[in-house]
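# Tertiary structure, described
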Amino acid sequence: MAAHLSYGRVNLNVLREAVRRELREFLDKCAGSKAIVWDEYLTGPFGLIAQYSLLKEHEVEKMFTLKGNRLPAADVKNIIFFVRPRLELMNIIAENVLSEDRRGPTRDFHILFVPRRSLLCEQRLKDLGVLGSFIHREEYSLDLIPFDGDLLSMESEGAFKECYLEGDQTSLYHAAKGLMTLQALYGTIPQIFGKGECARQVANMMIRMKREFTGSQNSIFPVFDNLLLLDRNVDLLTPLATQLTYEGLIDEIYGIQNSYVKLPPEKFAPKKQGDGGKDLPTEAKKLQLNSAEELYAEIRDKNFNAVGSVLSKKAKIISAAFEERHNAKTVGEIKQFVSQLPHMQAARGSLANHTSIAELIKDVTTSEDFFDKLTVEQEFMSGIDTDKVNNYIEDCIAQKHSLIKVLRLVCLQSVCNSGLKQKVLDYYKREILQTYGYEHILTLHNLEKAGLLKPQTGGRNNYPTIRKTLRLWMDDVNEQNPTDISYVYSGYAPLSVRLAQLLSRPGWRSIEEVLRILPGPHFEERQPLPTGLQKKRQPGENRVTLIFFLGGVTFAEIAALRFLSQLEDGGTEYVIATTKLMNGTSWIEALMEKPF
């Protein structure tokens, strides 16, 4: 069991166990020793649901990464390919199978598509003459992966681009399937709310799937009260801004992948006397970040400016605890101290790691350039000078700062001005292409198509109306003891989370005008429950809302939703699901066209 998945109102271990069971059943179909050939992208997500020990119990002896040419030698009976349904991967698999040594012992091949089988892929394998070599061709519906006690992700890296640029609804179908799996495990969700075109389609797919399964009545008492489906393009602003929570900044600076982060090793080297720092480690320090670690659970969602005081308080508590050993006189007292040692040493190790990470982040956040960039972002979000060419952005282009940094700022300005005036937009485009190369014209086209960088139509800027009605900008933010979600960006309240907050109280009727300005329809659906399963809420009991971000979510938004869940009189606890955990950099990267 993964203890950190069961601390919330919804025990996500139930979901993790269900997907592990399905995996075990498939492995047992392939009798005998096995080697797994992995599509590299899947190893991270799989690591969250099944460690190597589970695979070993089911006779998995070797693991390889999917690469061209011959498979490495392995004395096993079965070779299983775990792959996403991508045509380019089928070519590599065919190469592997065809180059298999005919003289050696015959081995059985199997293929497991994650999360769905694909007729196109099977046709490609057939065209390449290897489809008949596979004994088992199956799918493993790993739609939603539990990351934490209140967090699920599909980790579908192309979902936003597919939905908004290519009109490909595959990931929406997977989202609907994932939601059906959740309802099978946790009961039917009585009310569905949504905003956006993709949200409407996912809700329609869910209702259709439920109709198709009318025979089986779900008799599980519902755990969730509401589902809120939100399109990423309803709030394009939030991911572009720099996140200012502890976890958000770790992700902005180093990138968190499947709950792991790789950090520069110098800060983590044990300090030895008289060493002169000769033998510094060269391999990146890899740490897992989730709420199984007590200290991380406490500081992850705080504004970075509030983290230092928590760490110094913790340091005092831990050193006082270690001092206790001098007071232990009797055998009983010594025994008690020794029994607490493992926990104290783990706490000391955890504190040392997070102090090092905080120092690394502080080096960045105290730099002049970080301050200048943040100032410009905050001016845009509070509505200052969004309609003219910005000097700082001009300087960044002239000094050839990273292109992604420039694109994030230009897109942020565009979104905060409901599009840029044509001459401002043309100026930025010309400067970017002349400085970074004309191959980026395709990227600029993608950003325009996604609504991130576009000309202002109708000559009207709607952002001030949205900002005022939804209170998106707060001047007096208390970063140490926050009273509002705007602490996660030191002033800006994420629009997506504000919509969730207003839905729970007083309801969306109060903001009809703004909902009409924001893209896509808003709707409400009820799913009837069989008699006897209607929920009688106890006085003081919070509602549980599952909020699903279609197109990605940032750690700052997650922190803001956790803040709302913990409010004394909030009335709602949130469980967050998404197609992908992302930040502004990974988002823009996914929209960039790779130059050939």
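Relevant structure appears above.
Residues numbered from 1 in each chain as written. Predicted model: local features only at pLDDT ≥ 70, side-chain atom pairs only at ≥ 80, totals over all residues. Heavy atoms only, no water.

## Section: the sheet that holds strand β10 (residues 256-257)
Strand order in the open sheet formed by three strands is β10-β11-β12, and the pairing between neighbours is antiparallel. A strand with exactly one partner marks an edge of an open sheet, and here the two such strands are β10 and β12 (285-288). Two strands pair when backbone bridges link them, and strand β11 (residues 260-263) and β12 are joined in this way by four bridges, in the antiparallel orientation. Bridging across to β12, Lys262 finds its partner in Lys286. (Pairing = 2+ DSSP bridges. Helix = DSSP H or I, 4+ residues; strand = E, 2+ residues; numbered from the N terminus.)

## Some words on the packing of aromatic side chains
Using the criterion set out here, one finds 15 aromatic pairs in the structure. Ring geometry for Phe81 against Phe109: centres 6.2 Å apart, planes inclined by 20°, an arrangement best described as stacked. Residue Phe81 is found in strand β3 (residues 78-83), and its partner Phe109 is found in strand β4 (residues 108-113); the two are separated by 28 residues along the sequence. Taken as a pair, Phe81 and Phe109 share a single burial class, namely buried. Pairing Phe81 with Phe134 gives two aromatic rings, centres 6.1 Å apart and planes at 75°, and the pair type is edge-to-face. Within this pair, whereas Phe81 is found in strand β3, its partner Phe134 is found in strand β5 (residues 134-139), the two being separated by 53 residues in sequence. Side by side, Phe81 and Phe134 carry an identical accessibility label, which is buried. Taking the ring centre of Phe523 as reference, the NZ or CZ of Arg200 above it sits at 4.1 Å. The ring of Tyr260 carries Lys286 above its face, with NZ or CZ at 4.8 Å from the centroid. (Phe/Tyr/Trp six-rings, centres within 6.5 Å; stacked < 30°, edge-to-face > 60°. Buried < 20%, exposed > 50% of the residue type's maximum accessible area, 1.4 Å probe, protein only. Lys NZ or Arg CZ within 6 Å of the ring centre and 35° of its normal.)

## Let's talk about unusual backbone geometry
With an omega of 0°, the peptide bond between Val114 and Pro115 qualifies as cis. Turning to its location among the elements, Pro115 is positioned in the loop between β4 and α5 (119-127). With omega at 5°, the peptide bond leading from Arg505 into Pro506 counts as cis. Looking at the element boundaries, Pro506 is found in the loop between α19 (495-504) and α20 (512-517). Phi angles above zero are rare outside glycine, and Glu155 is one such case at about 50°. Position of Glu155 relative to the elements: it lies in the loop between β7 (151-153) and α6 (159-164). Its relative accessible area of 6% is what places Glu155 among the buried residues.

## So, a negative patch on the surface
Taken together, the side chains of Glu22, Glu25, Asp28, Glu59, Glu61, Asp75 and Glu139 define an acidic patch exposed on the protein surface. Ranked by the residues each element gives to the negative patch, the list is headed by helix α1 (residues 13-29), at three residues. Relative to the helices and strands, Glu59 resides in the loop between α3 (52-57) and β2 (60-65). (Patch = residues over 30% accessible without salt bridge, like charges linked within 9 Å, V, L, I, M, F, W, Y side chains within 5 Å. Areas by Shrake-Rupley, 256 points an atom, 1.4 Å probe, with all protein chains shown as cover. Salt bridge = Lys/Arg side-chain N within 4 Å of Asp/Glu carboxyl O. Lys, Arg positive; Asp, Glu negative; His and termini not counted. Charge placed at Lys NZ, Arg CZ, Asp CG, Glu CD.)

## Side note on the pattern of salt bridges
The full count for this structure, using the stated rule, is 32 salt bridges. For the salt bridge of Glu252 with Arg408, the shortest nitrogen-to-oxygen distance reads 2.9 Å. Separated by 156 residues along the polypeptide, Glu252 in helix α9 (residues 246-253) and Arg408 in helix α15 (residues 403-415) bring together distant segments of the chain. Residue Glu252 shares its accessibility class with Arg408, and that shared class is buried. When the shortest N-O distance is used, the salt bridge between Arg516 and Glu512 registers 3.9 Å. Note that Arg516 and Glu512 are positioned in helix α20 at a spacing of four residues, about one turn of the helix. Several salt bridges share partner residues, and in doing so they unite Asp148, Asp150, Glu247, Arg300, Asp301 and Arg562 into one network.

Distances and angles like these do not, on their own, reveal function.
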